[in-house]
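Per-entry structural report
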Amino acid sequence: MIRRIKNIQPLSNLQLRVCFDDGRVVLYDVAEDVRDIPSYAPLKELTGLFEQVKIDQSRTCVYWNDEIDLPSDAIYEYGCELSPAAA
């Protein structure tokens, strides 16, 4: 099943708060990707780029530009689920 993103919020320290259409809310740490994937380096290096995150038309991916994106299933699987009170 493809997880669809309902909304996304960039937070400090290269973290994303992501709400899915099934009600699950996760906190995804992009800092690990920035450290491990060279093409993600601009998210840390270019002021304001991280905050420009967008959801693609299918709602199955978030992206910053033509070279940096994250699929919803990776966010869903590796994100830390937030409790309903924190969500």
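To keep things clear, this report deals only with the structure shown in the data block. Everything numeric here is computed off the predicted structure, so don't read it as measured data.

Describing the pairing of strand β3 (residues 25-29)
- Relative to β3, strand β2 (residues 15-20) runs antiparallel, the two sharing five bridges. Note on β3: the bridge partner recorded for L16 is Y28.
- Remark: four residues form the turn of the hairpin made by β2 and β3, two consecutive strands paired antiparallel; G23 in that turn has positive phi of roughly 95 degrees.
- Both β3 and strand β7 (residues 80-81) contribute to a ladder of two bridges, which runs antiparallel. When the bridges of β7 are listed, L27 appears paired with C80.

So, the sheet that holds β2
- Pairing within the open sheet is antiparallel, and its four strands lie in the order β1-β2-β3-β7. Strand pairing shows two members of the sheet lacking a second neighbour, β1 (5-11) and β7, which therefore form its edges.
- Relative to β2, β1 runs antiparallel, the two sharing six bridges. In the strand pairing of β2, L11 is matched with Q15.

The rules we used
- Residues numbered from 1 in each chain as written.
- Predicted model: local features only at pLDDT ≥ 70, side-chain atom pairs only at ≥ 80, totals over all residues.
- Heavy atoms only, no water.
- Pairing = 2+ DSSP bridges.
- Helix = DSSP H or I, 4+ residues; strand = E, 2+ residues; numbered from the N terminus.

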